[in-house]
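# Coordinate analysis (summary)
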Amino acid sequence: MKSVDQVIVHHVVTEKSTDLQGDHKYTFLVRPEATKFDIRRAVESLFSVNVLGVQTLPVRPHRKGGSRTPGYTSKGKKAIVQVKSGQKIPALEVKA
């Protein structure tokens, strides 16, 4: 990868990802060519936390829009990053 800014696309906020924050896990949409090492390095440098593990899974394209904007979303990769116990990323915490 070229730089850590080009690895992470954005933080994913869903019901499941919010529940995972209790286990010190955060979900990100990342570039498809990013490796687990690239993701670990990007999260550690951007948020100043210690990463214990990275799990990745592909995101398949799916249909979007109605009759006005038919098409498909782009394919990608999702990463679930576990940080060291006691650490968290305050900027990404979702308050219930």
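Note: the structure precedes this text.
Residues numbered from 1 in each chain as written. Predicted model: local features only at pLDDT ≥ 70, side-chain atom pairs only at ≥ 80, totals over all residues. Heavy atoms only, no water.

### Some points on the layout of surface pockets
Stated precisely, the cut-off is as follows: Of the two site types, the cavity is a set of points on a 1 Å grid over the protein atoms alone where a 1.4 Å probe fits but cannot get out, and the pocket is an open set with protein on both sides within 12 Å along at least five of seven lines, each lined by residues with an atom within 4 Å of a point. Grid points are joined across faces, edges and corners, and a volume is the space filled by probe spheres set on the points. A run of H or I in DSSP counts as a helix once it spans at least four residues, and a run of E counts as a strand once it spans at least two, with each numbered from the N terminus. Three classes are used, and their members are as follows: Ala, Val, Leu, Ile, Met, Phe, Trp, Tyr, Cys and Pro are nonpolar, Asp, Glu, Lys and Arg are charged, and the others, Gly among them, are polar.
Its boundaries defined by the atoms lining it, the largest pocket holds a volume of some 170 Å³. Around the largest pocket, the lining is made up of 13 residues, and of these Leu29, Ser74, Lys75, Gly76 and Lys77 lie nearest the centre. Listing elements by their share of the lining of the largest pocket, those giving two or more residues are strand E2 (25–30) and strand E6 (76–83). Residues of the lining of the largest pocket, tallied by class, amount to 5 nonpolar, 4 polar and 4 charged.

### Let's talk about the side chain of glutamine 21
The condition that has to hold: Only protein chains enter the calculation, and the probe is 1.4 Å; a residue is then buried if its accessible area is under 20% of its type maximum, exposed if over 50%, and partly exposed in between. N or O atoms within 3.5 Å of each other form a polar contact, as long as, within protein, one can give a hydrogen and the other can take it, and as long as residues adjacent in sequence are counted only when both atoms are side-chain atoms. In this description, contact between two residues means that some pair of their heavy atoms is separated by no more than 4.5 Å.
Structurally, glutamine 21 is set in the loop between helix H1 (15–20) and E2. Glutamine 21 sits in the buried class, given a relative accessible area of 9%. Among the polar contacts listed, one links the side chain of glutamine 21 to the backbone oxygen of leucine 92, at a separation of 3.1 Å. Once residues within four sequence positions are removed from consideration, glutamine 21 is found in contact with His11, Tyr26, Leu92, Glu93 and Val94.

### Looking at the packing of aromatic side chains
Defined as follows: Working definition: rings of Phe, Tyr and Trp (its six-membered ring) pair if their centres are within 6.5 Å, and the pair is stacked with planes under 30 degrees apart, edge-to-face with planes over 60 apart, and tilted otherwise.
Inspection of the entire model under this criterion finds 1 aromatic pair. An angle of 25° between the planes, with centres 6.0 Å apart, marks the rings of phenylalanine 28 and phenylalanine 47 as stacked. A residue pair is termed long-range when its members are at least 10 positions apart, and phenylalanine 28 in strand E2 and phenylalanine 47 in helix H2 (residues 36–47) qualify at 19 residues.

### Section: the sheet that holds strand E3 (residues 51–59)
The condition that has to hold: For two strands to be treated as a pair, DSSP must find no fewer than two bridges joining them. Simply put, an axis is a line fit to the C-alpha atoms, just over the touching stretch for a helix, and the angle between two N-to-C directions goes from 0 to 180 degrees.
On the basis of which strands lie adjacent, the open sheet formed by 4 strands has the order E1-E2-E6-E3 and antiparallel pairing. The open sheet has two free edges, formed respectively by strand E1 (8–11) and E3, since each of these has just one partner strand. Each strand axis lies, on average, 30° off the axis of its neighbour in the sheet, ignoring direction. Sheet strands touched by H2: E1, E2, E3 and E6. Its angle to E3, the strand with the most contacts, is close to 125°.

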